[in-house]
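Here's the letter readout for the chains.
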Amino acid sequence: MERKDRIDAFGALSLTGFSAFLAFNQVIIKFVNGGLQPVFFAGLRSAIAVLCLWLWMTWRGRPPRLRREMAGPGIAIGLVFAAEFLGLFIALDLTTVTRTSIILYSMPVWLSLAAHFVLPGERITPRKAVGLILAFSGVAWAILDRDAGGGQASLTGDLCALGAAIGWATLALIARGTRLKEARPEMQLFWQVLVSAPVLIVASLFFGPLVRDLVPLHIAGLVFQGVVVVAAGFMFWLWLLSVYPAASVASFSFLTPIFGVGFGWALLGEEVGLPLIGSVLLVGIGIILINRSAPK
């Protein structure tokens, strides 16, 4: 698909669905952390994704090739990927899914600010700035209200989630601002999981016992993470990033914490009140402002 300068109907539908998928994914991570140490879990997930991507790319007749000129940005994006998910998995172990969501999905703010300075054609206009503020305010309103999914806070967990958000934004900048942008989305992801798998597995040795109260359902969650979330889901997100403007793609991630609260209501029986309704309106208006084309 040719590169576009704005989000079209297909992009909006795809990004909305992916946001809902990511919200459900955090619930799975929280659950599997009960059976596996979080950093070890993240490393195993990357290792499974390496195998899946290699098999899929080979089956399509385009096996992964580690080109020397891509080694620098490839290793860099893999290390950032490892740091991002080390932070995310620890955050989900220490604090609630809703608190992790609001901090992690501040990523569009950091990405938009950085893209304004380093990516051509992605400057923050006054309208986009208002949209970002409204969208972030809507998410904050939903999460900070106890009836919409608050909970016990952990300063360490919050800081880990913030580190993961900054890591995610950095990852997107590397994918768009280096020679990796010339690589296919699946090859970009292959670099990320190939480098992060050994880094995370070695790092897990410093975070306590590798196995907790492991049951078969935890293993099923691990396989789901490696095959569906990383190998398929993240590759799809990288492909969307290669087609649509980075800040616009990132703006849809503001929907994920809202979906997270919705899953809490549907799956856990949590109460949904006016704060959630108000936050959804703010997020929707913010995304419209961010993606609305400039008047000619």
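Residues numbered from 1 in each chain as written. Predicted model: local features only at pLDDT ≥ 70, side-chain atom pairs only at ≥ 80, totals over all residues. Heavy atoms only, no water.

Draft legend 1. Quick peek at the overall build of the protein chain. Within the protein chain one finds 12 helices and zero strands. Going residue by residue from the N terminus, the α and β elements of the protein chain occur as α-α-α-α-α-α-α-α-α-α-α-α. In summary, the protein chain has a C-alpha radius of gyration of 19 Å against a globular reference of 19 Å for 296 residues, a match within 12%. When its C-alpha atoms are laid out on the principal axes, the protein chain stretches across 45 × 45 × 30 Å. Counting only residues that meet the buried cut, the protein chain has 52% of its 296 residues in that class. For the protein chain, the proportion of contacts with a sequence separation of at least 24, taken over those separated by at least 6, is 90%. Element-wise, carbon and sulfur atoms account for 71% of the exposed surface of the protein chain, whose accessible area totals about 13500 Å². With 22 positive and 15 negative side-chain charges, the protein chain shows a spacing of 11 Å between the two charge centroids. (Helix = DSSP H or I, 4+ residues; strand = E, 2+ residues; numbered from the N terminus. Rg over C-alpha atoms; globule rule 2.2 N^0.38 Å. Buried < 20%, exposed > 50% of the residue type's maximum accessible area, 1.4 Å probe, protein only. Contact = heavy atoms within 4.5 Å. Areas by Shrake-Rupley, 256 points an atom, 1.4 Å probe, with all protein chains shown as cover. Lys, Arg positive; Asp, Glu negative; His and termini not counted. Charge placed at Lys NZ, Arg CZ, Asp CG, Glu CD.)

Draft legend 2. Spatial organisation of the nonpolar core. One finds F234 and W237 to be the most contacted residues of the largest nonpolar core, which totals 82 residues. When sequence neighbours within four positions are dropped, the list of residues in contact with F234 reads F18, L22, R45, F81, F85, L189 and V229. (Core = buried A, V, L, I, M, F, W, Y, C linked by side-chain atoms within 4.5 Å.)

Draft legend 3. Geometry of the pattern of salt bridges. Enumeration according to the criterion identifies six salt bridges in this entry. Taking the shortest distance from any N to any O, the salt bridge between R62 and E186 comes out at 3.2 Å. Of this pair, R62 sits in the loop between α2 (38–59) and α3 (71–94) while E186 sits in helix α8 (residues 185–203), and the two are 124 residues apart along the sequence. Of the charged contacts, one joins R67 and E69 as a salt bridge, the two residues approaching to 2.8 Å between their closest N and O atoms. Within the structure, one salt-bridge network assembled from shared partners comprises R62, R184 and E186. (Salt bridge = Lys/Arg side-chain N within 4 Å of Asp/Glu carboxyl O.)

Draft legend 4. Fine view of empty space enclosed by the protein. Counted under the stated rule, the structure contains two cavities of 30 Å³ or more. The volume enclosed by the largest cavity comes to roughly 200 Å³. Every residue lining the largest cavity is counted, 17 residues in all, and those nearest its centre are L22, E84, F85, W168 and F234. If you list the elements that add at least two residues to the lining of the largest cavity, you get α1 (9–32), α3, α7 (155–177), α8 and α9 (216–243). Within the lining of the largest cavity, the residues separate by chemical class into 13 nonpolar, three polar and one charged. Counted as a void, the second largest cavity has a volume near 60 Å³. As for the second largest cavity, its lining consists of L15, F18, S19, L22, M107, W168, W237, V249, A250, F252, S253 and T256. Those elements giving two or more residues to the lining of the second largest cavity turn out to be α1 and α10 (246–251). (1 Å grid on protein atoms, 1.4 Å probe; cavity = no way out; pocket = protein on both sides within 12 Å on 5 of 7 lines; lining within 4 Å. Points joined across faces, edges and corners; volume = space filled by probe spheres on them. Nonpolar A, V, L, I, M, F, W, Y, C, P; charged D, E, K, R; others polar.)

Keep in mind these values describe shape, not function.
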